[in-house]
Amino acid sequence: MISKHTNRAIYTKYCFIILLTANVLLMFLSLFSPVFSQLYPFLVNQAKSQVLILSILAIGILLSSIIVYRLHQIQYNEDKHYQRIKKYEEIIHV
């Protein structure tokens, strides 16, 4: 993206999709399987620890989803910044 202008951040989108998938997978493993203590050996296997981990994973899922959605908007020129740039270009060329 640095050498030429493009609105398709392919690798960035794939990285965030992988991150989103990993967070969802870890959330399901933490909820529905007895491997919590193996995944997080530094935490005590208690409800408080599980709530903490699930909260962190939920925040990660939310942020990854927002970023993937924003990358989708950028790819199809539907983001706010693109509209601002187009208005600015119209003003300059007039």
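In case you missed it, the structure is sitting above this.
Heads up: these notes are all about the structure in this document. None of these values were measured; they are calculated from a predicted model. Within each chain, residue numbers correspond to sequence positions counted from 1 in written order. Since the coordinates come from a predicted model, pLDDT governs what is reported: local features require at least 70, and pairs of side-chain atoms require 80 or more to be given and counted, while whole-chain, interface and lining totals use all residues. The side-chain numbers reported here are obtained from all heavy atoms of the structure, hydrogens and water having been left aside.

What follows concerns the packing of aromatic side chains. One pair of aromatic rings is described through two measures. These are the centre distance and the angle between the planes. Stacked, tilted and edge-to-face are the three classes assigned to paired rings of Phe, Tyr and Trp, where Trp is represented by its six-membered ring and a pair needs centres within 6.5 Å; plane angles under 30 degrees give stacked, over 60 edge-to-face, the rest tilted. In total, this model carries three aromatic pairs according to the counting rule given. Judged by centre distance (5.9 Å) and plane angle (20°), the ring pair of Phe28 and Phe32 falls under stacked. You can see Phe28 and its partner Phe32 sitting in helix 1 (residues 10-32), four residues apart, about one turn around the helix. Pairing Phe36 with Tyr40 gives two aromatic rings, centres 5.2 Å apart and planes at 50°, and the pair type is tilted. Strands are runs of DSSP state E lasting at least 2 residues, helices are runs of H or I lasting at least 4, and numbering of each runs from the N terminus.

Just to be clear on terms, a salt bridge is a Lys or Arg side-chain nitrogen sitting within 4 Å of an Asp or Glu carboxyl oxygen. One pass over the full model with this rule turns up one salt bridge. Among the salt bridges present, the one from Glu89 reaches Lys86, with a minimum N-O distance of 3.3 Å. Remark: Lys86 and Glu89 occur in helix 4 (residues 80-93); sequence separation between them is three residues, near one turn of the helix. Each residue is assigned to one of three classes by its accessible area relative to the maximum for its type, calculated with a 1.4 Å probe on protein chains only: buried under 20%, partly exposed between the two thresholds, exposed over 50%. What makes Glu89 partly exposed here is its relative accessible area of 33%. Accessibility expressed as a relative area gives 32% for Lys86, which makes it partly exposed.

We now examine the layout of surface pockets. Grid points spaced at 1 Å over the protein atoms alone were grouped into cavities, where a 1.4 Å probe fits but cannot get out, and pockets, open sets with protein on both sides within 12 Å along at least five of seven lines, with lining residues defined by an atom within 4 Å of a point. Grid points are joined across faces, edges and corners, and a volume is the space filled by probe spheres set on the points. Approximately 240 Å³ is the volume attributed to the largest pocket. Elements represented by at least two residues in the lining of the largest pocket include exactly helix 3 (47-75) and helix 4. In terms of residue count, the dominant contributor to the lining of the largest pocket is helix 4 (five residues).

These results come straight from atomic positions and should not be treated as a statement about function.
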